[in-house]
Amino acid sequence: MPAVPRSFFSRPSVDVAPDLLGCLLARDSAEGRRVMRITEVEAYAGPLDPASHGYKGKTPRNAVMFGPPGFLYVYFTYGMHFCINFVCSPEDVCSAVLIRAGEIVEGVDLARAARSGSSDRDLARGPARLTKALDLSREDNGLDLCDGGPLTVLARESSDFTVATGPRVGVSSAAEIPWRFWIEGDRTVSAYKAHKPKVRSATSS
């Protein structure tokens with residue numbers, strides 16, 4: 001299958017996101033190749049989107065999100081997990097797609113070793129799980145997805161599936177925007193969890 005060209009990513013994230021479903025993310029390392037079929041994604045629209053890391057402008061942390069398109073943005077969350085995004089839109093326009101879930105279709109043994117105790121269904125069923133299964137971390141922030149390097153997005157073999165849409169998972173702002181896209185009925189799609197604000201217990205004076 002051919003690699004996805006940079007022009008594919010040089011569009012708004014909300015257009016790129018559903019087109020990524022069914023595509024393959026190939027991860028090459030000294031251990032071997034792992035390939036994941038993408039089954040669930042979320043779009044984020046930078047300064048236009050209160051839920052985006054780029055909403056308040058460019059910082060050292062989110063600089064990769066501002067382009068050029070076709071690069072990997074990695075962030076650390078909850079003090080323990082890494083999540084990956086594909087940068088979209090023309091350079092200097094902040095836009096990205098969070099990769100939420102997928103199915104490991106090659107290198108399953110490597111993914112199992114990285115996610116000990118997981119079922120094959122759950123190896124990459126969630127944004128933190130898939131980074132572990134593919135052995136991706138902060139050091140991979142800024143990788144070019146389009147230069148034939150260690151991380152490549154390959155075109156999907158078939159679009160014979162239904163794309164479902166709904167609200168994004170766990171965001172506290174703009175939660176009602178239906179920019180989560182997934183392959184309807186796919187067993188590797190993550191479970192939906194709405195954001196729950198922290199409730200502070202009252203203390204007596």
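Higher on the page you've got the structure.
Residues numbered from 1 in each chain as written. Predicted model: local features only at pLDDT ≥ 70, side-chain atom pairs only at ≥ 80, totals over all residues. Heavy atoms only, no water.

Residues apart from glycine generally show negative phi values, whereas peptide bonds are mostly found in trans. With an omega of 5°, the peptide bond running from G67 to P68 counts as cis. Here P68 shows up in the loop between β2 (32-44) and β3 (72-77). In this structure, S89 takes a positive phi of about 70° despite not being glycine. Backbone geometry at D92 places phi at a positive 75°, although glycine is not the residue there. Tracing the backbone shows D92 in the loop between β4 (81-87) and β5 (96-106). The exposure class of D92 is exposed, given its relative accessible area of 59%. (Helix = DSSP H or I, 4+ residues; strand = E, 2+ residues; numbered from the N terminus. Buried < 20%, exposed > 50% of the residue type's maximum accessible area, 1.4 Å probe, protein only.)

This paragraph deals with the packing of aromatic side chains. Across all of its chains, the model carries four aromatic pairs by this definition. For the pair F9 and F86, a centre-to-centre distance of 6.0 Å together with 90° between the ring planes defines the contact as edge-to-face. Residue F9 is found in helix α1 (residues 6-9), and its partner F86 is found in strand β4; the two are separated by 77 residues along the sequence. Each member of the pair, F9 together with F86, is buried. (Phe/Tyr/Trp six-rings, centres within 6.5 Å; stacked < 30°, edge-to-face > 60°.)

Here we take up the side chain of R180. If you trace the backbone, R180 turns up in strand β8 (residues 180-183). The exposure class assigned to R180 is buried, which follows from its relative accessible area of 5%. Polar side-chain contacts of R180 include one of 3.0 Å to the backbone oxygen of P167. With residues near it in sequence (within four places) discarded, R180 still touches E40, V41, E42, R100, A164, T165, G166, P167, R168, V169, S190 and Y192. (Polar contact = N/O pair within 3.5 Å; in protein donor to acceptor, adjacent residues only side chain to side chain. Contact = heavy atoms within 4.5 Å.)

All right, on to the pattern of salt bridges then. Throughout the structure, instances matching the rule amount to 14 salt bridges. A salt bridge links D144 to R6; the nearest nitrogen and oxygen atoms lie 2.9 Å apart. Pair noted here: D144 is in the loop between α4 (127-133) and β6 (151-154) and R6 is in helix α1, with a separation of 138 residues, a long-range link. The partner of R37 in a salt bridge is E103, and the shortest N-O contact between them spans 3.7 Å. Of this pair, R37 sits in strand β2 while E103 sits in strand β5, and the two are 66 residues apart along the sequence. Through salt bridges with shared partners, a single network forms among E40, E42, R100 and R180. (Salt bridge = Lys/Arg side-chain N within 4 Å of Asp/Glu carboxyl O.)

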